[in-house]
Amino acid sequence: MNPSKLPVIPAPPAAPRHPSSKERHPVARLPEDFHDLLGQLGEPSFRADQVFRWIHQHSVFDVERMTNLSRPLRSRLAELDIACPLDEVTVQRSTDGTRKLLLRLRDGMAIECVLIPQGNGDQGSDDQGSDDQDDDGDDDDASSHPEERRSRPMTLCVSSQVGCAMGCVFCASGQAGLKRGLGAHEIISQVIIARRHLDAGERIKNLVFMGMGEPLHHYAETARTIRLLTHPLGAAMSPRRITVSTVGLISGIKKLGEDFGGKVGLAISLHAPDPETRSRIVPMNLHQPLDELMAALHAYPLPKRRRITIEYTLIDRVNDRIEHARRLATTLAGLPSKVNLIPMNPIKASTLRAPLPETVEAFRRELARLRVSCSVRQTRGDDVDAACGQLALAQS
Ligand code: SAH
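What you see is a predicted model; the values in this text were computed from it and never measured. (Residues numbered from 1 in each chain as written. Predicted model: local features only at pLDDT ≥ 70, side-chain atom pairs only at ≥ 80, totals over all residues. Heavy atoms only, no water.)

Caption draft 1: Region of interest: the overall build of the chain. Helix and strand counts for the chain stand at 12 helices and 13 strands. Counting the 396 residues in the chain, one finds 58% classified as buried. At a minimum sequence separation of 6, the contacts of the chain that also span at least 24 residues come to 73%. Surface accessibility of the chain: about 16500 Å² in total, with carbon and sulfur atoms responsible for 50%. (Helix = DSSP H or I, 4+ residues; strand = E, 2+ residues; numbered from the N terminus. Buried < 20%, exposed > 50% of the residue type's maximum accessible area, 1.4 Å probe, protein only. Contact = heavy atoms within 4.5 Å. Areas by Shrake-Rupley, 256 points an atom, 1.4 Å probe, with all protein chains shown as cover.)

Set out below in structure tokens:
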């Protein structure tokens, strides 16, 4: 594609309707939702905690295996259809240890999520999504336990939609368009299934919403997934270990900051330092003006020593010039941030491509010279099409 003739798409469709707690899938229910339900069955509230624990701590969906519940309760729960809403189709393993899981939804559509081994000591580069998580000297989650410290940390990259409505021109999901948003039960089930594919000694340390879809497009389902993940009776993840990556939907950024007090990590797909360049590759820029986006980032209630990750996909002759690096430094002035440069991974739907390695290095060096914290993201899993932006609408 000629970079000067990049298409522009209209605003995304309205977010899907959110289910009321009554019709919410059992896997997306918090203990308090089970309390109400089990209360109606005359059961004490601790039973609700037990059911939640089985699903979210022990990855058990089969009520018959919930052995600390009475038989009559188990048969009544069976009517709730507590089944995993996803089936595994294939698991592809990359030579670098990355695992891409293809999962089938109940309506026959398919999604992917990716398990990525975290850092192996390379300097100046980041794993997908582990950005800013390990350099704040604040390891406040369960990893203070000696056994956890010995384990090998993994990052799980989850999808939040089937396809995507944002239309970014260099992204396979964006080019495929939006089929539908995922419910919280479908997002959290990716975590539950991915746990089964950990090798001995591995654990999911970080979770990133960087798979298919725009997580802030249907904010309520993303927020509920975060509540499920961080619940002490479930996976009990620290919100600091969760990163929401967004094209920059301003109202969603504000809500995320308010609802989680800034504790949830934020990654912004900026990809350009000025409105003109950004609108050519991120059409949503026309609806979410850059100056308003930057104002929302400055207002995000970041805890001390935390930074917002700025994702910048480098595209040959589109956004890779030294002037772009200089303007980026100006755009980010005063924002606690860290730039993650991602040389564009090739996709079938576009002829756009990554710059030459020396151009990437020159861009990085210019940012470093201007004292902008930055690193080049190491490509993971590209031999199984699991690298950033390569998660296409999987074949059903
Ligand atoms: N909708 C979210 C999540 C998207 S995927 C967002 O826009 O942030 C996560 C990251 O991969 C985003 O920064 C996205 O822009 C980037 N990405 C998409 N396609 C890519 C490609 N072909 N090469 C490199 N990075 C890509």
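After that view of the structure, there is still more to cover.
Caption draft 2: Geometry of the packing of helix 6 (residues 184-195) against helix 7 (residues 219-230). One can describe the packing of helix 6 onto helix 7 by two numbers: an axis separation of 8 Å at closest approach and a directional angle of 40 degrees. In terms of axis orientation, helix 6 runs oblique to helix 7. At the point where helix 6 passes helix 7, the crossing takes the right-handed sense. For the pair helix 6 and helix 7, contact is made by Ala 184, Ile 187, Ile 188 and Val 191 and by Glu 221, Arg 224, Thr 225, Leu 228 and Leu 229, respectively. Here the contact of helix 6 with helix 7 is built from residues that sort into 6 nonpolar, 1 polar and 2 charged. (Axes fitted to C-alpha atoms, helices over the stretch in contact; angles between N-to-C directions. Parallel < 35°, antiparallel > 145°, perpendicular 65-115°, else oblique. Left-handed = near helix turned anticlockwise from the far one by under 90°. Nonpolar A, V, L, I, M, F, W, Y, C, P; charged D, E, K, R; others polar.)

Caption draft 3: Focus on the packing of aromatic side chains. What the rule picks out here adds up to 1 aromatic pair. Measuring from ring centre to ring centre gives 5.1 Å for Tyr 312 and Phe 363, while their planes differ by 40 degrees; the resulting arrangement is tilted. Taken together, the residues Tyr 312 in strand 11 (residues 308-314) and Phe 363 in helix 12 (residues 357-369) connect sequence positions 51 residues apart. Pair check on accessibility: Tyr 312 and Phe 363 agree, each one buried. (Phe/Tyr/Trp six-rings, centres within 6.5 Å; stacked < 30°, edge-to-face > 60°.)

Caption draft 4: Region of the structure containing the nonpolar core. Formed by 102 residues in total, the largest nonpolar core has its most connected members in Leu 297 and Val 339. Setting aside chain neighbours within four positions, we find Leu 297 in contact with Ile 253, Leu 266, Ile 268, Ile 308, Ile 310 and Leu 335. Cys 157, Val 208, Val 384 and Ala 386 belong to the second-largest nonpolar core, a separate cluster that totals 8 residues. (Core = buried A, V, L, I, M, F, W, Y, C linked by side-chain atoms within 4.5 Å.)

Caption draft 5: Structural view of the pattern of salt bridges. Under the counting rule described, the total for this entry stands at 23 salt bridges. In this structure, Arg 99 and Glu 202 form a salt bridge, with 2.8 Å as the shortest nitrogen-oxygen distance. Residue Arg 99 is found in strand 2 (residues 99-105), and its partner Glu 202 is found in strand 8 (residues 202-209); the two are separated by 103 residues along the sequence. For Arg 99, a relative accessible area of 3% translates into the label buried. Within the structure, one salt-bridge network assembled from shared partners comprises Arg 93, Arg 99, Arg 152, Asp 199 and Glu 202. (Salt bridge = Lys/Arg side-chain N within 4 Å of Asp/Glu carboxyl O.)

Caption draft 6: A look at helix 6. In this model, helix 6 (12 residues) spans 17 Å end to end at C-alpha, consistent with the 16 Å of a helix rising 1.5 Å per residue. Of all 12 residues in helix 6, 11 are buried; the element is thus mostly enclosed. Regarding helix 6, the residues found buried are Ala 184, His 185, Glu 186, Ile 187, Ile 188, Ser 189, Gln 190, Val 191, Ile 192, Ile 193 and Ala 194. (Expected span 1.5 Å × (residues − 1).)

Caption draft 7: Focus on the environment of Ile 347. Tracing the backbone shows Ile 347 in the loop between strand 12 (337-343) and helix 12. Taking the relative accessible area as the measure of exposure, Ile 347 reaches 10% and is therefore buried.

Caption draft 8: Region of the structure containing the site of the ligand. Lining the immediate surroundings of the ligand are 20 residues, of which Phe 170, Ser 245, Ser 269, His 271 and Asn 345 lie closest. In this structure, an oxygen atom belonging to the ligand sits 2.5 Å away from a side-chain N or O atom of Ser 269. Relative to its free-state accessible area of 530 Å², the ligand is covered by the protein chains to the extent of 97%. Of the residues that constitute the shell around the ligand, the class distribution is 9 nonpolar, 9 polar and 2 charged. (Near = heavy atom within 4 Å. Polar contact = N/O pair within 3.5 Å; in protein donor to acceptor, adjacent residues only side chain to side chain.)

Caption draft 9: Region of the structure containing unusual backbone geometry. A positive phi angle, near 65 degrees, is found at His 271, a position not held by glycine. By secondary structure assignment, the location of His 271 is in the loop between strand 10 (265-269) and helix 9 (275-281). For His 271, a relative accessible area of 4% translates into the label buried. For Arg 371, which is not glycine, the phi dihedral falls at a positive 65 degrees. Residue position: Arg 371 is located in the loop between helix 12 and strand 13 (374-377).

Caption draft 10: Expanded view of helix 2 (residues 45-56). Compared with the 16 Å implied by 1.5 Å per residue over 12 residues, the 17 Å span of helix 2 between its first and last C-alpha is a close match. In this fold, the buried residues of helix 2 make contact with helix 1 (31-40), helix 3 (71-78), helix 6 and helix 7.

Caption draft 11: Inspection of the environment of Leu 156 at higher detail. Tracing the backbone through its elements, the reader meets Leu 156 in strand 5 (residues 152-157). Those residues in contact with Leu 156 that sit more than four places away from it in its chain are Cys 113, Val 114, Leu 115, Gln 190, Val 191, Ala 194, Ile 204, Asn 206, Leu 207 and Val 208.

Caption draft 12: View of the packing of helix 1 against helix 2. At a closest axis distance of 8 Å, the pairing of helix 1 and helix 2 adopts a crossing angle of 130 degrees. Relative to helix 2, helix 1 is oriented oblique. Seen along the crossing, helix 1 lies across helix 2 with a hand that is right-handed. Between helix 1 and helix 2, the contacting residues are Pro 31, Phe 34, His 35 and Leu 38 on the first element and Ser 45, Arg 47, Ala 48, Asp 49, Val 51, Phe 52 and Ile 55 on the second. Partitioned by chemical class, the residues of the contact of helix 1 with helix 2 number 7 nonpolar, 2 polar and 2 charged.

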